[in-house]
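# Notes for the structure review
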Amino acid sequence: MKVLHLDTNHELLINQLNVLGFTNHEDYTASKTDVEAKIHEYDGIVIRSRFTIDKQFLDAATNLKFIGRVGAGLENIDCDYAESKGIYLISAPEGNRNAVGEHALGMLLSLFNKLNKADNEVRHGQWLREANRGIELDGKTVGLIGYGNMGKAFAKKLRGFDVEVLCYDIKPNVGDNNCKQVSLETLQENADVLSLHTPQTPLTLNMVNADFINGFQKPFWLINTARGKSVVTTDLVSALKSGKILGAGLDVLEYEKASFESLFSSDMPEAFQYIIQAKNVLLTPHVAGWTVESKEKLAQTIVDKIKARFC
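Below, the structure is looked at part by part. (Residues numbered from 1 in each chain as written. Predicted model: local features only at pLDDT ≥ 70, side-chain atom pairs only at ≥ 80, totals over all residues. Heavy atoms only, no water.)

### Let's talk about the sheet that holds strand S5 (residues 88-90)
In spatial order, the strands read S2-S1-S3-S4-S5; together these 5 strands make up an open sheet with parallel pairing. Each edge of the sheet is formed by a strand with only one pairing partner; in this case those strands are strand S2 (23-26) and S5. When the angles between neighbouring strand axes are averaged without regard to direction, this sheet yields 15 degrees. Note: strand S3 (residues 44-47) against strand S4 (residues 66-69), 4 bridges, orientation parallel. When the sheet's bridge partners are listed, Ile47 is paired in S4 with Arg69. Of the strands in this sheet, strand S1 (2-5), S2 and S3 are in contact with helix H1 (residues 11-19), which crosses S2 at around 150 degrees. Taken strand by strand, helix H12 (residues 292-310) contacts S4 and S5, and its axis lies near 155 degrees from that of S5. (Pairing = 2+ DSSP bridges. Helix = DSSP H or I, 4+ residues; strand = E, 2+ residues; numbered from the N terminus. Axes fitted to C-alpha atoms, helices over the stretch in contact; angles between N-to-C directions. Contact = heavy atoms within 4.5 Å.)

Following this line, the structure appears as C-alpha cells:
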C-alpha cells in the first residue's frame, strides 16, 4: 500500500510504516490541486490540517482506503462522503488528551492566580500584591461540555482538588468516578468554571453565544481548548465586560484559519482587539495538545490503528 504524507509528523510514523511494508511518499509543499492530480495513485493519506479533504478531492482519490488525521478531530474531512466510499477514517485523540488536560488545568490556575498579569507587572517594575490576590480552586464546581477523551483527561487532572466536576454530553452514560453527568440546565445552575471539550460539529458551532452564557446562574470562568468556532467572540467580550464571564483561557479562537496554522485572513476583528488587551484573558496559539510527548504519541496512535486494520 502506498501512503502519501501531507504534513510533517514524528519520524516514527514513517519509520514504522516502512517496517510494516508500506511505501511512503512525502509532499509537504504541493498545492491541493497538484495533490488531487496524483492522489489516485495512493491507498492512504496522513494529514494534520493542511487543507480540507472535500468531495472533489475524494472523487479524485479512486484507490483511497484510509485517511489518518494526526490530531483529535476530523472536521477538515467530509466524513460522510468518505465513509460512503468505504474509506477508513483514523484520528488520534488518545495521543494528545493528556496534554490537553494539563494545558486546561494550567490555564485555569493561571487565571485564578493572575499569573500572566502579575508577571507582566513585575517585569515593568510594579509590585502590586493586593491587586494580584488570587482565588482558590478548592470548593468550586467545574462544568465540562463534552466528556470524551479530552474531557476525561481534564477531569482526571482535577482529582487532586476539592472540587465537584460535572459534565454534559449528548451521549448517555459517559460519567465516571471523576465526573458526574448531568443535564445542561443543572450544569448551568452550578458551574463556577466551564471548560469546553467538544469537536467541531453543526451542534457546537457558535454554541457559546449570548443566550448560552446568560443561562448560567453564576458568573463563571471559561476555558476553551477545543475549537475556536464554538465561541462567539463578540458575545464573549460582552460577557467579560458585564462580569458574567470572570475571565477566559483561550487556546483556540473563532478567527483561526481552517489549517489552525495562522490567524486572520483580513483585518483584526474589533472583538479580538479587546481580547488581547484584557488582563483577565489568557491566550495560547492552539497548542493545548502540542507537546513533545504528544507529537510522538499522536504518531504512534495512527500507526497502531493502521496496523490493526490493514496488517
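### Looking at the state of the cysteines
As enumerated under the stated definition, the model contains 0 disulfides in all. Cys179 takes part in no disulfide bond, and the closest cysteine sulfur to it belongs to Cys167, at a distance of 3.4 Å. (Disulfide = S-S within 2.5 Å.)

### Notes on the nonpolar core
Counting residues in each nonpolar core, the largest one holds 30 residues, and the members touching the most others are Leu194, Leu196, Leu222, Leu236, Ile245, Leu250 and Ile275. Tallying contributions element by element places helix H10 (residues 233-242) first for this core, with 4 residues. (Core = buried A, V, L, I, M, F, W, Y, C linked by side-chain atoms within 4.5 Å. Buried < 20%, exposed > 50% of the residue type's maximum accessible area, 1.4 Å probe, protein only.)

### Re the packing of H1 against H12
Between H1 and H12, the least distance of the axes is 8 Å, while the angle of their chain directions is 25 degrees. As far as their axial angle goes, H12 and H1 are roughly parallel. Here the hand of the crossing between H1 and H12 comes out right-handed. Only Glu296, Ala299, Gln300, Ile302, Val303 and Ile306 of H12 make contact with H1, whose side of the interface consists of Leu12, Leu13, Gln16 and Leu17. Looking at the contact of H1 with H12 residue by residue, the classes come out as 7 nonpolar, 2 polar and 1 charged. (Parallel < 35°, antiparallel > 145°, perpendicular 65-115°, else oblique. Left-handed = near helix turned anticlockwise from the far one by under 90°. Nonpolar A, V, L, I, M, F, W, Y, C, P; charged D, E, K, R; others polar.)

### A word on the layout of surface pockets
Looking at the second largest pocket, its volume works out to about 220 Å³. Along its surface, the second largest pocket is lined by 13 residues, and Leu111, Lys114, Trp221, Lys279 and Asn280 are the ones closest to its centre. Looking at the lining of the second largest pocket, the elements that each hand over two or more residues are helix H5 (93-112), helix H6 (115-123) and strand S12 (281-283). (1 Å grid on protein atoms, 1.4 Å probe; cavity = no way out; pocket = protein on both sides within 12 Å on 5 of 7 lines; lining within 4 Å. Points joined across faces, edges and corners; volume = space filled by probe spheres on them.)

### A few points about the packing of aromatic side chains
One pass over the structure, following the stated rule, counts 7 aromatic pairs. Their ring planes at 50 degrees and their centres at 5.7 Å tell us that Phe51 and Phe57 sit as a pair that is tilted. Under the relative-accessibility criterion, Phe57 is labelled buried at 0%. When the centroid spacing of 5.5 Å and the interplanar angle of 65 degrees are considered together, the rings of Phe212 and Phe216 count as edge-to-face. Accessibility expressed as a relative area gives 9% for Phe212, which makes it buried. An aromatic cluster is built from Phe66, Tyr88 and Phe310, whose rings are joined through pairwise contacts. One cation-aromatic arrangement involves Arg309 over Tyr88; the distance from NZ or CZ to the ring centre is 4.1 Å. (Phe/Tyr/Trp six-rings, centres within 6.5 Å; stacked < 30°, edge-to-face > 60°. Lys NZ or Arg CZ within 6 Å of the ring centre and 35° of its normal.)

### Observations regarding empty space enclosed by the protein
By the definition in use, this model includes 1 cavity of 30 Å³ or more. Taken together, Asn224, Gly228, Val231, Thr233, Leu236, Leu250, Val252, Leu253 and Glu254 make up the full set of residues lining the largest cavity. The residue inventory of the lining of the largest cavity, partitioned by class, reads 5 nonpolar, 3 polar and 1 charged.

### A short note on the pattern of salt bridges
The tally for this structure, following the rule as stated, stands at 12 salt bridges. In this structure, the salt-bridge partner of Glu130 is Arg133, at a minimum N-O distance of 2.7 Å. Owing to a relative accessible area of 55%, Arg133 belongs among the exposed residues under this scheme. (Salt bridge = Lys/Arg side-chain N within 4 Å of Asp/Glu carboxyl O.)

### Description of the pairing of strand S10 (residues 220-224)
Along S10, 5 of the 5 residues are buried, which leaves the element largely enclosed by surrounding structure. Looking at chain direction, strand S9 (residues 193-196) and S10 are connected through 4 bridges and run parallel. Looking at S10, one finds that Leu196 is bridged to Asn224. Between the parallel elements S10 and strand S11 (residues 245-250), the chain passes through H10 in a crossover that is right-handed. (Right-handed = clockwise from strand over helix to strand, strands pointing away.)

### Remarks on the sheet that holds strand S7 (residues 164-168)
The strand order across the open sheet formed by 7 strands is S8-S7-S6-S9-S10-S11-S12, and the pairing between neighbours is parallel. Bordering the open sheet on either side are strand S8 (180-181) and S12, each of which pairs with just one other strand. In terms of strand pairing, strand S6 (residues 141-145) meets S9 through 4 bridges, oriented parallel. For Gly143, the partnering residue across the bridge sits in S9 and is Leu194. Across the face of the sheet, helix H7 (residues 149-157) comes into contact with S6, S7 and S9 while running at roughly 165 degrees to S6.

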